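Coordinate analysis (summary)
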Amino acid sequence: MPLDVFRNTFAGNPLDRASDRRPDKAWIARQLAAPDSLALALWNGRPLVEPRKEGGHQIAYLPARMAEELSEGGEQLLFLGLWKETAVFALDLDGEANPADGGPLAGMGAFEDLRRVAMSLPPGDAAMVATAKAMFEWRRRHRHCAVCGEPTVAVDGGWKRQCPACEAEHFPRTDPVVIMLPYHGDRCMLGRQEAWPKGMFSALAGFLEPGESIEEACARELNEEAGLHAVKVRYHSTQPWPYPSSLMIGLIAEVEDEEGTPDQTELSEVRWFTREEAKQLIAGQIEGTFAPQPLAIAHQLIKAWAEAG
């Protein structure tokens with residue numbers, strides 16, 4: 001059911017996650033064997049896609065049974081959920097050889113960089129792929145038990161890892177990140193890092209720490225990175241961000257003055273923009289200076305503030 005909130009790219013997964021069915025191994029096996037069950041595939045984090053008749057791309061689905069055959073015993077499989085009554089899985093492939101280039105998936109689509117094709121995918125497709133990518137990244141980085149160090153195995157449809165040695169259970173992690181647009185009066189501040197493409201300015205961001213509220217993390221990051229003092233913080237929206245597995249918490253923060261300066265560690269430069277300049281920035285109308293693409297929540301924060309005045 002759609003929620004009455006702003007929806008960023010990678011949000012809005014249309015599947016019923018059916019989390020209560022994940023522990024049922026027999027049920028998962030039946031879904032894998034069902035002739036109408038489907039699977040999406042990722043190779044080195046790139047989704048298998050195909051052109052849409054109306055333009056853009058869409059997921060190039062495989063039969064779930066084929067995905068199981070390619071999954072090396074199920075370790076590379078993930079049960080994503082149900083589309084009505086149809087089970088949908090994800091398959092994680094890696095290695096140097098492209099499986100769609102003369103391999104087992106030849107002629108079934110092309111593996112494309114998710115950042116490049118995300119905006120050309122239907123929103124639901126982008127959200128499903130992002131879910132699979134984030135889960136596979138978590139599994140790739142957590143192959144061993146954090147308690148005893150022994151190898152773990154995937155269970156519960158791929159949504160949990162269990163240690164056969166000490167029986168510890170390990171669940172997927174999501175790293176919360178506050179990303180905020182500071183403003184004072186009719187001007188907002190954007191920053192840039194030296195490593196970014198030349199001319200790109202964006203919202204400020206940082207990881208939420210244990211024991212912090214979202215508002216406290218926003219205030220701390222603004223002060224640490226730019227010397228700003230927040231006086232009011234309001235929520236805009238969130239974005240699942242599968243690089244590797246973050247939740248971006250979008251905020252718009254009023255600050256007490258325009259005296260901010262970059263810390264030269266996280267930020268190399270800061271700049272204040274009027275509302276009109278912010279509109280021009282997201283429209284690509286300021287020569288030599290640009291905002292993140294609409295794919296990113298930072299773009300949507302700038303746009304929301306610029307259009308609110």
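Residues numbered from 1 in each chain as written. Predicted model: local features only at pLDDT ≥ 70, side-chain atom pairs only at ≥ 80, totals over all residues. Heavy atoms only, no water.

Quick notes on the sheet that holds strand β9 (residues 160-162)
A sheet is described by the order of its strands in space; here three strands give the open sequence β8-β9-β10, paired in antiparallel fashion. For this open sheet the edge positions go to β8 (153-155) and β10 (169-170), each flanked by a neighbour on one side alone. Across two bridges, the pairing between β9 and β10 is antiparallel. Paired with R161 across the two strands is H170, which belongs to β10. (Pairing = 2+ DSSP bridges. Helix = DSSP H or I, 4+ residues; strand = E, 2+ residues; numbered from the N terminus.)

Observations regarding the side chain of Q31
Following the sequence through the fold, Q31 ends up in helix α1 (residues 25-33). The residues contacting Q31, other than those within four sequence positions of it, are S37, A87 and F89. (Contact = heavy atoms within 4.5 Å.)

A short note on the environment of G149
Along the polypeptide, G149 turns up in the loop between α4 (123-141) and β8. With 70 residues separating them along the chain, G149 and F79 place their C-alpha atoms 26 Å apart.

Section: the state of the cysteines
Across all of its chains, the model carries zero disulfides by this definition. For C166, which is in no disulfide, the shortest distance to another cysteine sulfur is to C145 and amounts to 3.7 Å. Judged by relative accessible area, which is 32%, C166 ranks as partly exposed. The structure places no disulfide on C188, whose sulfur is separated from the nearest cysteine sulfur, that of C218, by 14 Å. Taking the relative accessible area as the measure of exposure, C188 reaches 0% and is therefore buried. (Disulfide = S-S within 2.5 Å. Buried < 20%, exposed > 50% of the residue type's maximum accessible area, 1.4 Å probe, protein only.)

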